[in-house]
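Each chain is listed here by its residues.
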Amino acid sequence: GAGVSQSPSNKVTEKGKDVELRCDPISGHTALYWYRQRLGQGLEFLIYFQGNSAPDKSGLPSDRFSAERTGESVSTLTIQRTQQEDSAVYLCASSPGLAGGRTSTDTQYFGPGTRLTVL
Amino acid sequence: GEDVEQSLFLSVREGDSSVINCTYTDSSSTYLYWYKQEPGAGLQLLTYIFSNMDMKQDQRLTVLLNKKDKHLSLRIADTQTGDSAIYFCAERPHSGAGSYQLTFGKGTKLSVIP
C-alpha cells in the first residue's frame, strides 16, 4: 500500500479503559505526526517524530496520552484511563521529513483516521 | 501563535464555481495548503502554495493568495456533487522552530446542490 494506514478504523471503549491506536506511515517517510480532530473542529497537533530524534510532545493534552515510534516505522498512540472528552478522530500523517530536505514543502500525507468513542 | 480562520459553510449549485476563503496570521514565509475531507475519510491534499506566489492553478482548482491581507482562497470551477466535502486550510512556517507543525482552520463544509 502506498498510503498511510491506521488501525483500527473504529474503536468503542468504556470510560477508564486504555486504548492503543496504530499508524503505518508511507515507506521512506522519516517524519510522523499524530493529530486529534474533535467533532466539527479542525485538527489539533499532538506529537511529532523525526527519525531517531526526541519527539515533540508539546501537543499532548495530558499525561494519559503517550506515543511511541520504533525507528522510522510504525507508531502507536496510547491513551490511558480514557475519558469521554477523548472521543474524537485520531489522524496520523507522515512526510519525507529531514530526509526530503527541510527546504522542500515536506507535505504531510494523512491516513484515514481512527474514530474513538468513549462511553 | 499562528491562527487560521475559515467560514464554516458554503452552499453552491452544481456547475457553478465555489470560492472557499481562509485568513492566516503568520507573517513569516509560509506554506499554505488546502486539504479535502470526505465523510468518514482522512484528509486528502488538494494543492499547496508558497507565500511568494500569487496564484496556482491545477485543473479545476485555482488558489489565490493576497499576501498583504494574508488571505487565501480556493476556487473550484464547475463544481460537482463529488466536490461536497469539508475543505481545510492549513499553514506551516517555511523554517525555524515548529516549521513542521501544520496549523489548521476549522474547515468549510461545501454542499453542492444538484
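Check the entry above for the structure.
Residues numbered from 1 in each chain as written. Chains lettered and ligands numbered in written order. Predicted model: local features only at pLDDT ≥ 70, side-chain atom pairs only at ≥ 80, totals over all residues. Heavy atoms only, no water.

Enquirer: Requested: an account of the overall build of chain A, with residues and values cited.
Expert: Helix and strand content of chain A: 0 helices and 10 strands. Tracing chain A from N to C terminus, the helices and strands come up as β-β-β-β-β-β-β-β-β-β. For chain A, the C-alpha radius of gyration of 14 Å lies close to 14 Å, the compact-globule estimate for 119 residues. In terms of its C-alpha atoms, chain A occupies a principal-axis envelope of roughly 45 × 25 × 25 Å. The proportion of buried residues among the 119 residues of chain A is 50%. Accessible surface, chain A: about 5,500 Å² in total, of which carbon and sulfur atoms supply 47%. Taking the 12 positively charged and 12 negatively charged side chains of chain A as two groups, their mean positions are separated by 4 Å. (Helix = DSSP H or I, 4+ residues; strand = E, 2+ residues; numbered from the N terminus. Rg over C-alpha atoms; globule rule 2.2 N^0.38 Å. Buried < 20%, exposed > 50% of the residue type's maximum accessible area, 1.4 Å probe, protein only. Areas by Shrake-Rupley, 256 points an atom, 1.4 Å probe, with all protein chains shown as cover. Lys, Arg positive; Asp, Glu negative; His and termini not counted. Charge placed at Lys NZ, Arg CZ, Asp CG, Glu CD.)

Enquirer: Tell me about the overall build of chain B, residues and numbers included.
Expert: Counting its secondary structure elements, chain B contains 0 helices and 11 strands. Relative to the 2.2 N^0.38 estimate, which gives 13 Å for 114 residues, the radius of gyration of chain B is 14 Å and therefore close to what a compact globule would have. Expressed along its principal axes, the backbone C-alpha trace of chain B runs to roughly 45 × 30 × 20 Å. For chain B, the proportion of its 114 residues judged to be buried stands at 45%. Of the contacts made within chain B by residues no fewer than 6 positions apart, 54% connect residues no fewer than 24 positions apart. For chain B, the separation between the mean place of its 11 positive charges and that of its 13 negative charges on side chains is 1 Å. (Contact = heavy atoms within 4.5 Å.)

Enquirer: Describe in detail the interface of chain A and chain B, supporting the description with residues and values.
Expert: Contacts between chain A and chain B engage 22 residues on the former and 20 residues on the latter. Taken together, the two surfaces of chain A and chain B that pack against each other cover about 1,700 Å², and 54% of this comes from carbon and sulfur. Inspection of the region where chain A meets chain B yields 0 salt bridges. Summed over the shared surface of chain A and chain B, the result is 3 residue pairs in polar contact (both at pLDDT 80 or more). (Buried area = accessible area lost by both parts, 1.4 Å probe. Salt bridge = Lys/Arg side-chain N within 4 Å of Asp/Glu carboxyl O. Polar contact = N/O pair within 3.5 Å; in protein donor to acceptor, adjacent residues only side chain to side chain.)

Enquirer: Please give an account of the pairing of strand β11 (residues 108–113) of chain B that cites residues and values.
Expert: Regular strands place side chains that alternate from one sheet face to the opposite one. Residues and elements named next belong to chain B. Residues Thr108, Leu110 and Val112 of β11 are buried on one face, while the alternating residues Lys109, Ser111 and Ile113, pointing to the opposite face, are not. Pairing of strand β2 (residues 9–13) with β11 involves 5 bridges; the strand directions are parallel. Residue pairing across strands places Arg13 opposite Ile113, the latter belonging to β11. In terms of strand pairing, strand β9 (residues 85–93) meets β11 through 3 bridges, oriented antiparallel. Pairing of Ala85 across the sheet is with Leu110, part of β11. (Pairing = 2+ DSSP bridges.)

Enquirer: Tell me about the sheet that holds strand β3 (residues 19–24) of chain A, and name the residues and values.
Expert: All names here are of chain A. Spatially, β1-β3-β7-β6 is the arrangement adopted by the 4 strands of the open sheet, whose pairing is antiparallel. Each having just a single partner strand, β1 (5–7) and β6 (65–69) make up the two edges of the open sheet. Going from strand to strand, the sheet's axes swing by 15° on average, the running direction of each strand aside. Looking at chain direction, β1 and β3 are connected through 3 bridges and run antiparallel. From the neighbouring strand, Gln6 faces β3, where its bridge partner is Cys23. (Axes fitted to C-alpha atoms, helices over the stretch in contact; angles between N-to-C directions.)

Enquirer: I'd like to hear about the pattern of salt bridges, residue by residue, with values.
Expert: One side chain can pair with another of opposite charge once the charged atoms of both are near each other. All names here are of chain A. Tallied over the entire structure, the rule returns 7 salt bridges over all chains. The partner of Arg36 in a salt bridge is Glu44, with the nearest N and O atoms 3.3 Å apart. Owing to a relative accessible area of 3%, Arg36 belongs among the buried residues under this scheme. A salt bridge links Glu44 to Arg38; its shortest N-O distance comes to 3.9 Å. Taking the relative accessible area as the measure of exposure, Glu44 reaches 31% and is therefore partly exposed. Classification of Arg38 by relative accessible area gives partly exposed; the value is 30%.

Enquirer: Kindly report on the packing of aromatic side chains, identifying the contributing residues and their values.
Expert: Describing an aromatic ring pair means giving the distance of the ring centres and the angle of the ring planes. Tallied over the entire structure, the rule returns 13 aromatic pairs over all chains. Between Phe110(A) and Phe104(B), the aromatic rings sit 6.0 Å apart at their centres with planes inclined by 80°, giving edge-to-face as the arrangement. Pair noted here: Phe110(A) is in strand β9 (residues 109–110) and Phe104(B) is in strand β10 (residues 103–104), and the two residues belong to different chains. Each member of the pair, Phe110(A) as well as Phe104(B), carries the same accessibility label: buried. Between Phe88(B) and Phe104(B) the ring centres are 6.3 Å apart and the planes differ by 85°, which places this aromatic pair in the edge-to-face class. (Phe/Tyr/Trp six-rings, centres within 6.5 Å; stacked < 30°, edge-to-face > 60°.)

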